[in-house]
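A closer look at the structure
Spelled out, the chains give:
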Amino acid sequence: MLESAALVAFAASTDLGRSRAFYQDVLGLTLVSQDDFACVFDAGGTMLRVTAVGQLTRAPYTVLGWQVADIAGTVRGLTASGVTFLRYDGMDQDGDGIWTAPGGARVAWFPDPDGNVLSLTQTG
């Protein structure tokens, strides 16, 4: 029933101004609109609603991710913009924080200003 409907992604924020600066200025997403309830971004053709919440309980897993062609270059670019990549015990991550999955995909994780875990993935 929804196979042809556009997906809308959501992330929570306790400070829309701070989140807007991160998603727009650091990640480079295009701001579509903002009101008191949410900042709406175009994330590669997918609508991302960063929604205002009074209190946030951080999920212990990745909430949003992007598939990229050059993960090492993307990590370096985001690091230069002030993003800190996460490291996880028991995961063999390289010097940039990139983990190679058994199937060959390469993944790196980073938090947004509210601690939502975001990821980059390079396949192939």
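Here the structure is shown first, and the text comes after it.
Treat the numbers as computed from the prediction; the structure is a model and nothing was measured.

About the thresholds
- Residues numbered from 1 in each chain as written.
- Predicted model: local features only at pLDDT ≥ 70, side-chain atom pairs only at ≥ 80, totals over all residues.
- Heavy atoms only, no water.
- Helix = DSSP H or I, 4+ residues; strand = E, 2+ residues; numbered from the N terminus.
- Buried < 20%, exposed > 50% of the residue type's maximum accessible area, 1.4 Å probe, protein only.
- Contact = heavy atoms within 4.5 Å.
- Areas by Shrake-Rupley, 256 points an atom, 1.4 Å probe, with all protein chains shown as cover.
- Pairing = 2+ DSSP bridges.
- Axes fitted to C-alpha atoms, helices over the stretch in contact; angles between N-to-C directions.
- Polar contact = N/O pair within 3.5 Å; in protein donor to acceptor, adjacent residues only side chain to side chain.

A look at the overall build of the protein
- Check the secondary structure of the protein and you find two helices and eight strands.
- Taking the principal axes of the C-alpha coordinates as reference, the protein spans close to 40 × 35 × 25 Å.
- The buried share among the 124 residues of the protein stands at 35%.
- In the protein, of all internal contacts separated by at least 6 residues, the share reaching a separation of at least 24 is 52%.
- As displayed, the protein has an accessible area near 7200 Å², and 52% of this comes from carbon and sulfur atoms.

So, the sheet that holds strand E6 (residues 99-100)
- Ordered in space as E5-E8-E7-E6, the four strands form an open sheet in which the pairing is mixed. Since the sheet does not close on itself, it has two edges, and those belong to strand E5 (62-67) and E6, each with one partner.
- Bridge count for strand E7 (residues 106-111) against strand E8 (residues 117-122) is six bridges, and the pairing is antiparallel. Among the inter-strand pairings, Trp-109 is bridged to a residue of E8, identified as Ser-119.
- Across the sheet, helix H2 (residues 71-80) touches E7 and E8, and the angle it forms with E8 is around 145°.

What about the side chain of Asn-116?
- Relative to the helices and strands, Asn-116 resides in the loop between E7 and E8.
- Of note is the side chain of Asn-116, whose polar atom sits 2.9 Å from the side chain of Asp-112.

Structural measurements only, silent on function.
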